[in-house]
Amino acid sequence: MQFPESWLREFCNPPITTAELAELLTMAGLEVEDTRPVAPPTRGVVVAEIVEATQHPNADRLRVCKVNAGAHSPDGPLQIVCGAPNARVGIRVPLALVGAELPPAEEGGAPFAIKVGKLRGVDSFGMLCSARELKLSDDHAGLLELAADAPLGADIRSVLGLDDTVFTLKLTPNLAHALSVYGVAREVSALTGAPLQTPRIEPVPPRHDQKLPVRVEASDLCGRFSGRIIRNVNTRAQTPAWMVERLARCGQRSVTALVDISNYVMFEYSRPTHIFDLDKIHDHLEVRWGRPGETLKLLNGNTIDIDPSVGVIADARQVESLAGIMGGDATAVSDDTHHVYVEAAFWWPEAVAGRSRRFNFSTEAGHRFERGVDPASTALHIERVTQLILQICGGEPGPLDDQTLRLPPLRPVTLRVARAAKVIGMPLTQAQCATVFRRLGFEFSEGEGTITVTPPSWRFDLLIEEDLIEEVARIIGYQQLPDTPPVAPIRARVASESRRGPHAARQAMAALDYQETINYSFVEERWERQLAGNDTPIRVLNPIAAPLGVMRSSLFGSLLGVLHYNLARRAGRVRVFEVGRVFRRDDGTPDSGTSVAGVAQPLRLGALAYGPAAMLQWGQKERAVDFFDLKGDIEALLAPRRPRFVADTHPALHPGRCARVELDGRAIGHVGELHPQWRQAYELPQAPLLFELELDAVLARDVPQAQPVPRHQASWRDLALVLRDDVAHDRVVAALAQDPSGLVRSVLLFDVYRPTQPTGDIAAGEHSMALRLELLDDQANLTDERIDAAVAAAVQRAQQAFGARLRA
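None of the values given here were measured: they were computed from a predicted structure. (Residues numbered from 1 in each chain as written. Predicted model: local features only at pLDDT ≥ 70, side-chain atom pairs only at ≥ 80, totals over all residues. Heavy atoms only, no water.)

**Q** I would appreciate a short explanation of the overall build of the chain in the present structure.
**A** Looking only at helices and strands, the chain features 21 helices and 41 strands. Since a compact globule built from 808 residues should have a radius of gyration of about 28 Å, the 40 Å found for the chain marks it as more spread out than a globular shape. When the backbone C-alpha atoms are referred to their principal axes, the chain occupies close to 130 × 80 × 65 Å. Taking all 808 residues of the chain together, 47% fall into the buried category. Put simply, of all contacts in the chain between residues at least 6 apart along the chain, 69% involve residues at least 24 apart. Carbon and sulfur atoms make up 50% of the accessible area of the chain, which totals about 41,200 Å². Averaging the positions of the 87 positive and the 101 negative side-chain charges in the chain gives two centres separated by 3 Å. (Helix = DSSP H or I, 4+ residues; strand = E, 2+ residues; numbered from the N terminus. Rg over C-alpha atoms; globule rule 2.2 N^0.38 Å. Buried < 20%, exposed > 50% of the residue type's maximum accessible area, 1.4 Å probe, protein only. Contact = heavy atoms within 4.5 Å. Areas by Shrake-Rupley, 256 points an atom, 1.4 Å probe, with all protein chains shown as cover. Lys, Arg positive; Asp, Glu negative; His and termini not counted. Charge placed at Lys NZ, Arg CZ, Asp CG, Glu CD.)

**Q** Is there a simple way to think about helix α13 (residues 465-476) in this case?
**A** At 3.6 residues per turn, the α-helix brings residues three or four places apart onto the same side. For α13, with twelve residues, the first-to-last C-alpha span of 17 Å sits near the 16 Å given by 1.5 Å per residue. A large share of α13 lies buried, amounting to nine of its twelve residues. Three or more residues of α13 are buried, namely Glu465, Asp467, Leu468, Ile469, Glu471, Val472, Ala473, Arg474 and Ile475. On the buried face of α13, the contacting elements are α4 (181-192), β24 (413-416), α11 (417-424), α12 (430-439) and β26 (450-454). (Expected span 1.5 Å × (residues − 1).)

**Q** So what exactly am I meant to see when it comes to the pattern of salt bridges here?
**A** Where charged atoms from two side chains of opposite charge approach closely, those side chains can pair. One pass over the full model with this rule turns up 61 salt bridges. Note that Arg459 and Glu471 form a salt bridge whose closest N and O atoms lie 2.9 Å from each other. One end of the pair, Arg459, is in the loop between β26 and α13; the other, Glu471, is in helix α13, and twelve residues separate them in sequence. Accessibility expressed as a relative area gives 5% for Arg459, which makes it buried. Arg644 is the partner of Glu662 in a salt bridge, and the nearest nitrogen-oxygen pair spans 3.2 Å. (Salt bridge = Lys/Arg side-chain N within 4 Å of Asp/Glu carboxyl O.)

**Q** Sorry, what's going on with empty space enclosed by the protein here?
**A** Rolled over the atoms, a probe with the dimensions of a water molecule shows which regions are left empty. Under the definition given, this model contains two cavities of 30 Å³ or more. Taken as a whole, the largest cavity holds about 40 Å³ of empty space. Along its surface, the largest cavity is lined by His177, Arg186, Glu187, Leu440, Phe442, Trp458 and Arg459. Residue classes in the lining of the largest cavity are distributed as three nonpolar, one polar and three charged. (1 Å grid on protein atoms, 1.4 Å probe; cavity = no way out; pocket = protein on both sides within 12 Å on 5 of 7 lines; lining within 4 Å. Points joined across faces, edges and corners; volume = space filled by probe spheres on them. Nonpolar A, V, L, I, M, F, W, Y, C, P; charged D, E, K, R; others polar.)

**Q** Could you clarify how one ought to interpret the nonpolar core in this entry?
**A** Nonpolar side chains in soluble globular proteins tend to end up buried together. Within the largest apolar cluster, 47 residues are counted, with the highest numbers of intra-cluster contacts made by Phe3, Leu25, Ile389 and Cys393. Among the elements of the structure, α1 (5-11), α2 (18-27), β11 (165-170), α4, α5 (241-249), α6 (257-269), β21 (340-347) and α10 (378-392) are those that each provide at least two residues to this core. Counting residues per element, this core draws most heavily on α6, which supplies eight residues. If near-sequence neighbours (up to four positions away) are discounted, Cys393 is found in contact with Val233, Asn234, Ala237, Ala257, Leu258, Ile261 and Leu388. (Core = buried A, V, L, I, M, F, W, Y, C linked by side-chain atoms within 4.5 Å.)

**Q** What's the story with the packing of α5 against α6 in this structure? I'm lost.
**A** Relative orientation and spacing of two packed helices are given, respectively, by the angle between their axes and the distance between those axes. For the pair α5 and α6, the least separation of the axes is 10 Å and the interaxial angle reads 55°. Looking at the two axes, α5 sits oblique to α6. α6 is crossed by α5, and the crossing has left-handed handedness. Of the residues in α6, those in contact with Trp242, Met243, Arg246 and Leu247 of α5 are Asp260, Ile261, Asn263, Tyr264 and Phe267. (Axes fitted to C-alpha atoms, helices over the stretch in contact; angles between N-to-C directions. Parallel < 35°, antiparallel > 145°, perpendicular 65-115°, else oblique. Left-handed = near helix turned anticlockwise from the far one by under 90°.)

**Q** What am I meant to see in the side chain of His675 here?
**A** Its location among the elements puts His675 in the loop between β36 (666-674) and α18 (676-681). Reaching out from His675, the side chain makes a polar contact with the backbone nitrogen of Gln677 at a distance of 3.0 Å. Contacts of His675, omitting those with residues within four sequence positions, involve Pro651, Ala652, Leu653, His654 and Pro655. (Polar contact = N/O pair within 3.5 Å; in protein donor to acceptor, adjacent residues only side chain to side chain.)

**Q** Looking at this structure, I do not really get the sheet that holds β11. What am I missing?
**A** Working definition: the strands of a sheet are paired by backbone hydrogen bonds and lie parallel or antiparallel to each other. Across the sheet, which stays open at both edges, the three strands sit in the order β1-β11-β2 with antiparallel pairing between neighbours. In this open sheet, the two edge strands, each paired with only one partner strand, are β1 (2-4) and β2 (31-37). Between one strand and the next, the sheet's axes are offset by a mean angle of 25°, whatever the strand orientation. Two elements, β2 and β11, share six bridges in a ladder whose sense is antiparallel. Its bridge partner lying in β11, Asp34 is registered against Thr168. (Pairing = 2+ DSSP bridges.)

**Q** I keep staring at the pairing of strand β18 (residues 311-314) and nothing clicks. Help me out?
**A** Consecutive residues of a regular strand have side chains that alternate between opposite faces of the sheet. By the alternation rule, side chains of β18 split into Gly311 and Ile313 and Val312 and Ala314, which are all buried. Sheet topology places strand β15 (residues 285-289) next to β18; four bridges connect them, and they run antiparallel. The partner of Glu286 across the bridge, within β18, is Ala314. Here three bridges tie β18 to strand β19 (residues 319-322), and the two strands are oriented antiparallel to one another. Each bridged residue has a counterpart across the sheet, and for Val312 the counterpart in β19 is Leu322. Adjacent in sequence and paired antiparallel, β18 and β19 are bridged by four residues.

**Q** I'm lost on the packing of aromatic side chains in this one. Help?
**A** Each aromatic ring pair is described using two quantities: the centre-to-centre distance and the angle formed by the ring planes. For the structure shown, the criterion picks out 14 aromatic pairs. Among the aromatic side chains, those forming a connected cluster through ring pairs are Trp7, Trp242 and Tyr264. The positively charged end of Arg569 is found above the aromatic ring belonging to Tyr565, 3.6 Å away from the centroid. The positively charged end of Arg575 is found above the aromatic ring belonging to Tyr514, 4.3 Å away from the centroid. (Phe/Tyr/Trp six-rings, centres within 6.5 Å; stacked < 30°, edge-to-face > 60°. Lys NZ or Arg CZ within 6 Å of the ring centre and 35° of its normal.)

**Q** Even after reading the chapter, I still don't get the environment of Trp527, so can you show me in this structure?
**A** Locating Trp527 in the fold gives a position in helix α15 (residues 525-531). Linking Trp527 and Gly557, residues 30 residues apart in sequence, is a C-alpha distance of 5.5 Å. Excluding residues that lie within four positions of it along the chain, Trp527 makes contacts with Ala532, Gly557, Ser558, Gly561 and Tyr682.

**Q** In this structure, what is going on with the sheet that holds strand β12 (residues 214-216)? I would like to understand it.
**A** If you trace the five strands from one edge of the open sheet to the other, you get β12-β15-β18-β19-β20, paired in mixed fashion. Both edges of this open sheet fall to β12 and β20 (326-327), since each of them pairs with a single strand only.

**Q** Whenever I open this one, unusual backbone geometry confuses me. Can you help?
**A** Glycine aside, residues mostly have negative phi angles, and peptide bonds mostly take the trans form. In this chain, Ala639 is followed by Pro640 through a cis amide linkage whose omega measures 10°. By the element assignment, Pro640 lies in the loop between α17 (627-638) and β34 (644-647). With a phi close to 70°, Asp283 is a non-glycine residue in the positive phi region. On the secondary structure map, Asp283 appears in the loop between β14 (274-277) and β15. One non-glycine residue with positive phi stands out, namely Asp664, at about 55°. When you line up the elements, Asp664 lands in the loop between β35 (653-663) and β36.

**Q** Help me understand the layout of surface pockets in this model?
**A** Considered as a void within the structure, the largest pocket measures approximately 1,500 Å³ in volume. Considering the residues around the largest pocket, the lining is formed by 41 residues, among which Pro643, Arg644, Phe645, His729 and Asp730 are closest to the centre. Of all the secondary structure elements, the ones that give two or more residues to the lining of the largest pocket are α17, β34, β35, α20 (729-737), β39 (744-753) and β40 (766-775). Element by element, the count of residues in the lining of the largest pocket is highest for β35, at seven residues. Grouping the amino acids of the lining of the largest pocket by side-chain chemistry returns 22 nonpolar, five polar and 14 charged.

Read these as spatial facts, not as claims about activity.
Have a look at this one:
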């Protein structure tokens, strides 16, 4: 929301400075994002009239002008050499006198000083200025032509109001009532007590009885519809300079007089209106929801497909306007227009919200209607538009047609003064609260310790008691709140030793040479289908961008997106991780303060490694990161707990290079190489390695338990077992370690032998594993007999489980 301060002060002019006004609005919840002067400083620039203009004797493109600068030319007209094509007798233009200072050509430079000059042998005592030289706009096609009644010799800053300030407000969606200059002035009046000047808008007497038939078929789309025919309008009339100037300072360029009038009333009263070319409307108008197969060419040139969820204004033949958002090209006014139909309506916010985003554009009208526009003032604002049209373009107005179907109910809200004082944190009286509501223009009734407010039609945000408490707090002033220290006892909560914090897990990942990344929880739908095997992802009702339409159930897609981003910037080695939530359907999840019914939201830790395993160095040869690098990272992350890696499949991972990670017999995630299909689909030069684990499992840890130092020395025995090729070593290690006597403390694989040709003791399809057994008895020394018995029992367990035999 952008507007000039001078326009605001016409409605409410409190005795405070610009800086104080900006601070006041910000502290009241209407954040002032920026204030800037409408023009940079100038000095010595006045209004002058060209009284004579002759051709320069020595230059084809220059003219020698005589100008009357009023009191600044007591000895007669000043001679100025000018090259502007529109320099002609009779126009009034800005004149920079000798000694004047103009804005610098570049920001931060010194002001441009005007001196007596000589151009092609002719003296020039000053300079006639364009809008660009005054830094008012980029227009430098000619001199800036002023109004014919601009006083000669007057300072250009006062004539053009260049000492004005443009305010830019950053408003939250609940502040729809402040999306106009009058709405902001109403707030300033309530905050300061300065009187609010509300211009009286008199009804325009009709000069004919013609009405356009309008049928409103959808009261859930349009609650009130007002319109009027104005005949014999001069659409080629020039928009007055004062209106062009105010629109420009609101960030809106001038188009035509009729369009400018509609935009002006929108900025003035937050009332979007639309003006149709009456002769292009076929028979009547109907307000309804769209129908399948209908299309509409908009004023911006886009042609859109209409569906039943979009509101439209149509005539007997076709759709003519997108309700509350933008008009159609077919009934747009032009220089050939003679009769117009002016429309103002109340569109239900939920009927407009999100429609602009669907068609990939936004409008000022849609921005206001989806937040709520006062339904009580449609007819009044039609009168305001009519007044301006008659004043600028002329015409013959007809009777006002006003249809009211269904308006938002004004439900009373009760404020308990005691509760307001408790919530705000300062003493309050009922009289103070009543004064606040009176200054805001609310109707209310008082009870014993309560005030019941009936929200006005322009306030869509007053629904519950807390809304009224907020109004009391901001009007009284947040700066009035006392600085009260907390009195609640503060008790330190001791963290459980069986669980480390998420930050410790982040530090562990950083120590393993990974960098943390943070991504959106909403992702592309194809990521969910391809990388998570999720055909029914949770959809986002109002996505910030069309591709980001579903909630992620895996971190793999987000990590691959980060990889793409880095590869596009020529990163050859990428190691990233993320700690974040995933979202999956789960009927067992209840609705509570920390969960949503039917949606599980567990935290996961995911990581991706791509490129060389280590940075380029002399100490080791360069090699690509592989499965075992990530396996080692997971083991280091979970240490001293020992995970188990079991061959498995995952939609995102290579079928032969993927493992399920198990901890204490429970699956906690997957690790592996990206599936070749997706590596090719995502155009990756090589396949990255990824893993994803449940964060709760990563954070859990065993509480250390003190054990005495063994009093006896351990013994070691090496075995060479011959097994089938399909027997995995972890199964063998587990079988050997399951010693009922408790003597076998650990089993370590230290060699694997696969002969190229069958030998006498190793047949085809077999291999040899060399394993070291550690044996220890805490209570007594081990004897050779006990050791040999334990080793023999271990070999027997392997033989029974896998058909293993000792290698000869």
